[in-house]
Number of protein chains: 6
Amino acid sequence: MENWLNSLQTDTPQEGFELAIKLARMGVKYTQPDMEVLKAGREEYGENAEFLINASQVVATHYQTVAEANHYWK
Amino acid sequence: MENWLNSLQTDTPQEGFELAIKLARMGVKYTQPDMEVLKAGREEYGENAEFLINASQVVATHYQTVAEANHYWK
Amino acid sequence: MENWLNSLQTDTPQEGFELAIKLARMGVKYTQPDMEVLKAGREEYGENAEFLINASQVVATHYQTVAEANHYWK
Amino acid sequence: MENWLNSLQTDTPQEGFELAIKLARMGVKYTQPDMEVLKAGREEYGENAEFLINASQVVATHYQTVAEANHYWK
Amino acid sequence: MENWLNSLQTDTPQEGFELAIKLARMGVKYTQPDMEVLKAGREEYGENAEFLINASQVVATHYQTVAEANHYWK
Amino acid sequence: MENWLNSLQTDTPQEGFELAIKLARMGVKYTQPDMEVLKAGREEYGENAEFLINASQVVATHYQTVAEANHYWK
């Protein structure tokens, strides 16, 4: 895969959160790189609240990593 | 997205918990920014106990991050 | 919300566990503050084993935070 | 509830694992203290593999806490 | 239960991963020690992808513990 | 199983992420080494969004381990 991640450092906690969102998306993309399949899957499931909460859990897990990498922006 | 997070520091453990709630909500909002879709999804699923427990798990994960960032308010 | 959490410090590991239970419950309450809806949801789902295991996972996650805050009561 | 947890310290990694099992069970018991309801719920769900894997996840989370409390028995 | 775990130390990251697999299996076994019930449960559910991903999550959680116990084999 | 993991060290955060993907896959493979069963299971479930989010959660958990092992590539 092309280069998409050079550093876990970000300037602010919000940029760190947005990096966590990106990491969550890339975890999905590596598992299912075929965009057509990905889109079909999302149509089935992707708008309901269960999907959204589970996606939010993945973001929370990555945010722990990113926040630690940035010493919690202190 | 507009600025919504400047710091993980809070004055008290309870304010930290409320920040964890906010982080959980923002994780959902980034994944599904269309409020109409979000509301429809919640109507389907959003009042049952499974949703509430899963949401509470996301909050617990973010609370680990916020508590660490605040040295557990000691 | 009224004040409900002043400290993560507890005297014993068991009191810490009971605080983790409280944190798990408050995570649910913030997400669904309407007690009537909450009770209806629990009747549907709240007595089966899946709910209990998921609730226990939330408690386990909060207990990590509380135990760390108390240096594992050593 | 009566006293059931005085320390997170154990002599061996295996005793620590068994403490994690106990913590997972107590998380369920606090959430549903009525043993009759608990047993009925388990009959429905409690023997299938999904329940067992989810219970094992709770144990794994508590084991992180117990292992850290014991400096990994080094 | 008989003695099955004396140490979290392993020589290599791969042996650590294999210990995490073992810990995940033992979590299941403590919860459901009756092998006949265990096998029946697995037949129902045990070959589908949901089970495999959930089992893999338990392994990932235990691997965090084992890796920390071994200072990441550095 | 043959040797497949010698180190958790990687040169870049992206290579660390790719290692986390590999660890997630190996967790599945150890649990179900029969490739035919694995493929059948994936056909049933493997293209929907629930599977992809759960797989992404496993990757996020392993990424915490790998990032810590690499001092967050700082």
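Residues numbered from 1 in each chain as written. Chains lettered and ligands numbered in written order. Predicted model: local features only at pLDDT ≥ 70, side-chain atom pairs only at ≥ 80, totals over all residues. Heavy atoms only, no water.

**Regarding the confidence of the model for chain A**
Across chain A, the average pLDDT comes to 88, with 89% of residues at 70 or higher. No element of chain A has a lower mean pLDDT than helix α2 (residues 35–45) of chain A, which averages 66, and none a higher one than helix α1 (residues 13–31) of chain A, which averages 95. (pLDDT = per-residue confidence, 0-100. Helix = DSSP H or I, 4+ residues; strand = E, 2+ residues; numbered from the N terminus.)

**Some words on the relation of the copies chain C and chain B**
Aligned on chain B, chain C shows an RMSD of 0.0 Å; the corresponding rotation is 60° and the shift along the axis is 0.0 Å. Here the copies are linked by what is in effect a six-fold axis. Using C-alpha coordinates, one finds that chain C approaches the rotation axis most closely at Thr 61 of chain C, a distance of 6.8 Å. (Least-squares fit on C-alpha atoms with pLDDT ≥ 70 in both.)

**Some remarks on the interface of chain F and chain A**
On the side of chain A, 36 residues touch chain F, which itself brings 26 residues to the contact. Where chain F packs against chain A, one counts 0 salt bridges. Inspection of the chain F/chain A interface yields 12 residue pairs in polar contact (both at pLDDT 80 or more). Mapped by element, the contributors of at least two residues to the side of chain F that touches chain A are α1 (13–31) and α3 (49–69) of chain F. For the side of chain F that touches chain A, the leading source of residues is α3 of chain F, giving 14 residues. Split by residue class, the side of chain F that touches chain A holds 13 nonpolar, 7 polar and 6 charged. (Contact = heavy atoms within 4.5 Å. Salt bridge = Lys/Arg side-chain N within 4 Å of Asp/Glu carboxyl O. Polar contact = N/O pair within 3.5 Å; in protein donor to acceptor, adjacent residues only side chain to side chain. Nonpolar A, V, L, I, M, F, W, Y, C, P; charged D, E, K, R; others polar.)

**Quick look at the interface of chain C and chain B**
How big an interface is tends to be expressed through the accessible area that disappears when the partners come together. Listed per partner, the contact involves 36 residues of chain C and 26 residues of chain B. Together chain C and chain B conceal approximately 2600 Å² of surface at their shared face, both sides included; 64% is due to carbon and sulfur atoms. Connecting chain C to chain B are 0 salt bridges. Where chain C touches chain B, the interface holds 12 residue pairs in polar contact (both at pLDDT 80 or more). Elements that contribute at least two residues to the side of chain C that touches chain B include exactly α1 (13–31), α2 (35–45) and α3 (49–69) of chain C. If one sorts the elements of the side of chain C that touches chain B by residue count, α3 of chain C sits on top with 12 residues. Taken together, the residues of the side of chain C that touches chain B sort by class into 16 nonpolar, 15 polar and 5 charged. (Buried area = accessible area lost by both parts, 1.4 Å probe.)

**Remarks on helix α1 (residues 13–31) of chain E**
Across its 19 residues, α1 of chain E extends 28 Å between first and last C-alpha, which sits within 8% of the 27 Å expected from 1.5 Å per residue. Counting buried positions along α1 of chain E yields 14 of 19 residues, so the element is predominantly enclosed. (Expected span 1.5 Å × (residues − 1). Buried < 20%, exposed > 50% of the residue type's maximum accessible area, 1.4 Å probe, protein only.)

**Looking at the side chain of Thr 10 of chain C**
All names here are of chain C. Assignment of secondary structure puts Thr 10 in the segment before α1. Under the relative-accessibility criterion, Thr 10 is labelled buried at 16%. A polar side-chain atom of Thr 10 sits 3.3 Å from the main-chain amide nitrogen of Gly 16. Each residue touching Thr 10, except ones within four places of it in the same chain, is listed here: Glu 15, Gly 16, Leu 19, Asn 70 and Trp 73.

**Topic: the nonpolar core**
Note on soluble globular proteins: their nonpolar side chains tend to be buried together. Counting residues in each nonpolar core, the largest one holds 156 residues, and the members touching the most others are Leu 8 of chain A, Leu 8 of chain B, Leu 8 of chain C, Leu 8 of chain D, Leu 8 of chain E together with Leu 8 of chain F. In this view, Leu 8 of chain F contacts Pro 13, Tyr 63, Ala 67, Tyr 72 and Trp 73 of chain E together with Leu 19, Leu 23, Thr 65, Val 66, Ala 69 and Asn 70 of chain F; residues no more than four positions away in its chain are not counted. (Core = buried A, V, L, I, M, F, W, Y, C linked by side-chain atoms within 4.5 Å.)

**Side note on the packing of α3 of chain C against helix α3 (residues 49–69) of chain D**
A pair of packed helices is captured by two measures, namely the crossing angle of their axes and the spacing between those axes. One can describe the packing of α3 of chain C onto α3 of chain D by two numbers: an axis separation of 9 Å at closest approach and a directional angle of 10°. In terms of axis orientation, α3 of chain C runs roughly parallel to α3 of chain D. Judged by residue contacts, Ala 49, Glu 50, Ile 53, Asn 54, Ser 56, Gln 57, Ala 60, Thr 61, Tyr 63, Gln 64 and Ala 67 of chain C of α3 of chain C engage Glu 50, Phe 51, Asn 54, Ala 55, Gln 57, Val 58, Thr 61, His 62, Gln 64 and Thr 65 of chain D from α3 of chain D. Considered class by class, the residues forming the contact of α3 of chain C with α3 of chain D number 8 nonpolar, 11 polar and 2 charged. (Axes fitted to C-alpha atoms, helices over the stretch in contact; angles between N-to-C directions. Parallel < 35°, antiparallel > 145°, perpendicular 65-115°, else oblique.)

**A short note on the side chain of Gln 64 of chain C**
By secondary structure assignment, the location of Gln 64 of chain C is in helix α3. For Gln 64 of chain C, a relative accessible area of 16% corresponds to the buried category. Looking at Gln 64 of chain C, its side chain comes within polar contact range of the main-chain oxygen of Thr 61 of chain D, at 3.1 Å. Beyond its immediate stretch of four places on either side in the chain, Gln 64 of chain C contacts Gln 64 of chain B together with Thr 61, Gln 64 and Thr 65 of chain D.

**Brief notes about unusual backbone geometry**
A positive phi angle, close to 60°, is found at Tyr 72 of chain A, a residue other than glycine. Looking at Tyr 72 of chain A, the relative accessible area reads 9%, which means it is buried. The backbone phi angle of Trp 73 of chain C is positive, close to 55°, even though this residue is not glycine. Along the chain, the position of Trp 73 of chain C falls in the segment after α3. For Trp 73 of chain C, a relative accessible area of 18% translates into the label buried.

**A look at the packing of aromatic side chains**
Across all of its chains, the model carries 30 aromatic pairs over all chains by this definition. Aromatic pair Phe 17 of chain E and Tyr 63 of chain E: ring centres 5.1 Å apart, planes at 75°, arrangement edge-to-face. Remark: Tyr 63 of chain E occurs in helix α3 (residues 49–69) and Phe 17 of chain E occurs in helix α1; sequence separation between them is 46 residues. Among the aromatic residues, those joined into a cluster by ring pairs are Trp 4 and Tyr 30 of chain A together with Phe 17, Tyr 63 and Trp 73 of chain F. (Phe/Tyr/Trp six-rings, centres within 6.5 Å; stacked < 30°, edge-to-face > 60°.)

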